[in-house]
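Coordinates in review
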Amino acid sequence: MNQMDQIKFCCSVCLDLLKDPVTIPCGHNYCMNCIKTHWDGEEKKKTYSCPQCRQTFTPRPALMKNTMLAELVEELKKTGLQAAPADHCYAGPEDVACDVCTGRKIKAFKSCLFCLASFCKEHLQPHYDVVPLKKHKLMEPSKKLQDNICSRHDEVMKMFCRTDQQSICYLCSVDEHKGHDTVSAAAERTERQRELEVSRQNIQQRIQDREKDVKLLQQEVEAINQSADQTVEHSEKIFTELIHLIQKRSSDVKQQIRSQQETEVSRVKELQEKLEQEITELKRKDAELKQLSHTEDHIQFLHNYPSLSALSESTDSSSINIRPLSYFEDVTAAVSEVRDKLQDILREEWTNISLTVTEVEPEPKTRAEFLKYSCEITLDPNTAHKCLLLSEGNRKVTVMNEQQCYYHHPDKFTYWCQVLSRESLTGRCYWEVERRGGGVYVAVAYKSINREQSWKKCGFGRNDKSWALNFSKDIYTLWYNNSQTPVSGPRCSRLGVYLDHSAGVLSFYTISENMSHLLRVKTTFSQPVYVGLWLEGDAGNFCEIR
């Protein structure tokens, strides 16, 4: 039988003669175990393919032994049919070849550590069938089997000398390694294997730790880039506003100067016209008097003299005020002073801006350090809900049963019992809030927060224009953009709030016998913020800013 006929009866998976042959729907034949194993590997995909033509089947086809093909293979075996390996089963220069094959050698399937030889599937079969050979240690094909032979005694090295840290044979252990700490190679492997597993665990843990670090650093890079982009955008906006403001002031000054110029010129021209009229009148009078002086008739002279000698009232010379210098030198001086002050401010603040960009100052540690940044905060009646009563110099707010007599104001909150501070906050600030009764939301908010819309838009922490900590007897909850985050902390009646506006830091502390850190929020403030209070509960609930 030629090689092509032999290949027809070989499994394309194991490349051996068909064992319990089965035929799948596309018509190709395989050993039952080979196709089962192949399809088991595709179980997760729920689609099953033919290893040769790649046709897929769903669901998994049932396998039935091809009795006729099995009988044919058995009959042909009796005539000496052997599996004919395909060309890709022959050993190449980089492969481990079967040591038993003659002629063109087939790739080795396993290497035996006892025989110190490599075998293809056919020549390896005795290791599965012969009882003494079943005890041999098989491994993946290796070209380095000779490394297991002792060059001195030509014996298999089955021992390890811990003293000299090298593999040895039995004769070495009773010869030059006599008296050394020697163990079997298997025992040493077991010990090293344990160390290897520990090393791998350490390496895997370090990999996980480094991957977490890389992820954190990536998040930090993203946060830095986002913060830098937002800051550049906001800075450009602020400087543009500043430029527009200066241009507006320049235009206003110019307009005022031109208006005053017109007024002054009009006044001077009016006076000038009066003087010119008076000059004309005086010249006429002088001519008449000159003519009278030449009259020879004494009676006529005396008759006309009284009427011609009387002069009209002259313009008061004191009303003429000629300034020795330019009329608007005071304006120039004032504008120059503004310029000098602005230059000084920019020069001084530029240093602060540079320091802020390069380094964020550390947060204070003790209450005494926080109090250095304490700021005077008063509540704004124009923003107070009609059921809130402000007292103690507008530093205390109380929920009332009856509505208070406040004038209507567009800044007033109309839905929730909320109030904002008069003062806007930038830089580093610290204040404390003491409550009695029900819960209160301690917040910072932009002035642009909604006042009259639904609770989902105007409540502190229910939008992207405010950050609020719900501060009650038993719970603390951070609210921002209508998302809440529970926070654990000790019960207390006083809360400390620290703001570093430029650094985008908002921190909350519980104040009792000790000052305890509760929560730190890192964000970016695009505008000045205002202190906000939102009182819950019945009448009588109040809180006070200190």
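What counts and how
- Residues numbered from 1 in each chain as written.
- Predicted model: local features only at pLDDT ≥ 70, side-chain atom pairs only at ≥ 80, totals over all residues.
- Heavy atoms only, no water.
- Helix = DSSP H or I, 4+ residues; strand = E, 2+ residues; numbered from the N terminus.
- Buried < 20%, exposed > 50% of the residue type's maximum accessible area, 1.4 Å probe, protein only.
- Contact = heavy atoms within 4.5 Å.
- Areas by Shrake-Rupley, 256 points an atom, 1.4 Å probe, with all protein chains shown as cover.
- Core = buried A, V, L, I, M, F, W, Y, C linked by side-chain atoms within 4.5 Å.
- Pairing = 2+ DSSP bridges.
- Polar contact = N/O pair within 3.5 Å; in protein donor to acceptor, adjacent residues only side chain to side chain.
- Expected span 1.5 Å × (residues − 1).
- Arc of directions from axis to C-beta.
- Salt bridge = Lys/Arg side-chain N within 4 Å of Asp/Glu carboxyl O.
- Axes fitted to C-alpha atoms, helices over the stretch in contact; angles between N-to-C directions.
- UniProt positions renumbered as here; feature names shortened; annotations may be inferred.
- Phe/Tyr/Trp six-rings, centres within 6.5 Å; stacked < 30°, edge-to-face > 60°.
- Lys NZ or Arg CZ within 6 Å of the ring centre and 35° of its normal.

In terms of helices and strands, the protein chain carries twelve helices and 23 strands. For the protein chain, the residues scored as buried account for 31% of the 546 residues in total. Across the protein chain, contacts joining residues at least 24 apart in sequence account for 54% of those joining residues at least 6 apart. Total accessible area on the protein chain is roughly 35900 Å²; 52% of this is exposed by carbon and sulfur atoms.

Grouped together as the largest cluster of nonpolar side chains are 41 residues, with contacts concentrated most on Val397, Leu425, Trp431, Val442, Leu506, Phe508 and Leu533. Setting aside anything within four residues of it in sequence, one finds phenylalanine 508 in contact with Val442, Leu469, Leu495, Gly496, Val497, Ser516, His517, Leu518 and Leu519.

Moving on to the sheet that holds strand 5 (residues 110-112). The strand order across the open sheet built from three strands is 6-5-7, with neighbouring strands paired in antiparallel fashion. Strands at the two margins of the open sheet, each flanked by one partner only, are strand 6 (117-119) and strand 7 (138-139). Pairing of strand 5 with strand 7 involves two bridges; the strand directions are antiparallel. Bridge pairing in strand 7 links cysteine 112 to leucine 138.

Right, let's get into unusual backbone geometry. In the segment running from threonine 58 into proline 59, the intervening peptide bond is cis, with an omega of 5°. Position of proline 59 among the secondary structure elements: in the loop between strand 4 (56-57) and helix 3 (67-78). Of note in the backbone geometry, lysine 46 takes a positive phi value of approximately 65° without being a glycine. For glutamine 165, which is not glycine, the phi dihedral falls at a positive 55°. Inspection of the secondary structure puts glutamine 165 in the loop between strand 8 (159-161) and strand 9 (166-168).

A few words on the side chain of arginine 395. By secondary structure assignment, the location of arginine 395 is in the loop between strand 11 (388-391) and strand 12 (396-399). The class of arginine 395 is buried, set by a relative accessible area of 17%. At 2.7 Å, the side chain of arginine 395 and the backbone oxygen of isoleucine 377 are in polar contact. The contacts of arginine 395, once residues within four sequence positions are left out, are Glu376, Ile377, Thr378, Leu379, Cys543, Glu544, Ile545 and Arg546.

Before going further, it helps to examine helix 3. Over its twelve residues, helix 3 runs 17 Å from end to end, which matches the ideal 16 Å to within 8%, given 1.5 Å per residue. Within the span of helix 3, buried status applies to Leu69, Ala70, Val73 and Leu76. Taken end-on, helix 3 shows its buried residues confined to a sector of 130°, consistent with a single buried face. Residues of helix 3 that are exposed and angled more than 90 degrees away from the buried face: Met68, Glu71 and Lys78. Contact partners of the buried residues in helix 3: strand 1 (21-23) and strand 2 (29-31).

Our focus in this paragraph is the pairing of strand 15 (residues 440-446). Most of strand 15 is tucked away, with seven of its seven residues classed as buried. On strand 15, burial covers both faces: Val440, Val442, Val444 and Tyr446 on one face and Tyr441, Ala443 and Ala445 on the other are all buried. Of the strand pairs in this sheet, strand 15 and strand 16 (residues 466-471) are connected by six bridges, and their pairing is antiparallel. Residue pairing for strand 16: tyrosine 441 is matched across the bridge by asparagine 470. Bridge analysis of strand 15 against strand 22 (residues 529-535) gives seven bridges, and the strand direction is antiparallel. Residue valine 440 lies in a different strand from strand 22, and its bridge partner there is leucine 535.

Taken as a whole, this structure holds 26 salt bridges when the rule is applied. Salt-bridge contacts for aspartate 340 lead to arginine 339; the nearest nitrogen and oxygen are separated by 3.2 Å. Owing to a relative accessible area of 46%, arginine 339 belongs among the partly exposed residues under this scheme.

Another aspect to go through is the sheet that holds strand 17 (residues 476-480). The strand order across the open sheet formed by six strands is 13-22-15-16-17-18, and the pairing between neighbours is antiparallel. Looking at strand neighbours, the two that pair on one side only are strand 13 (418-425) and strand 18 (483-487), the edges of this open sheet. Pairwise comparison of adjacent strand axes, ignoring direction, gives a mean angle of 20° for this sheet.

Moving on, we come to the environment of cysteine 172. Mapped onto the secondary structure, cysteine 172 falls in helix 7 (residues 170-173). Here the alpha-carbon distance between cysteine 172 and glutamate 155, two residues 17 residues apart in the chain, equals 9.5 Å. Apart from the residues within four sequence positions on either side, cysteine 172 is in contact with Cys150, His153, His177 and Lys178.

We now examine the UniProt feature "coiled-coil region" (unreviewed entry) in the protein chain. Following the UniProt record, the feature "coiled-coil region" (unreviewed entry) maps to residues 200-227 and 258-295 here. Secondary structure over residues 200-227 splits into 100% helix and 0% strand, and the C-alpha atoms at its two ends are 40 Å apart. Structurally, residues 258-295 comprises 95% helix and 0% strand, and the distance from its first C-alpha atom to its last is 56 Å.

Moving on: the environment of glycine 489. Structurally, glycine 489 is set in the loop between strand 18 and strand 19 (494-500). Residues glycine 489 and isoleucine 475, spaced 14 residues apart in sequence, show a C-alpha to C-alpha distance of 7.9 Å. In this structure, glycine 489 is in contact with Tyr476 and Leu518, ignoring residues within four places of it in sequence.

Here we take up the packing of aromatic side chains. As enumerated under the stated definition, the model contains 15 aromatic pairs in all. A ring pair is formed by tryptophan 467 and tyrosine 480, whose centres lie 4.9 Å apart and whose planes are at 10°; its orientation type is stacked. Here tyrosine 480 lies in strand 17 and tryptophan 467 lies in strand 16, a separation of 13 residues in the sequence. The exposure class assigned to tyrosine 480 is partly exposed, which follows from its relative accessible area of 31%. Members of the aromatic cluster, each reached through a chain of ring pairs, are Phe370, Tyr373, Tyr430, Tyr498 and Tyr509. Lying over the aromatic face of phenylalanine 109, lysine 110 brings its terminal NZ or CZ to 5.7 Å of the ring centre.

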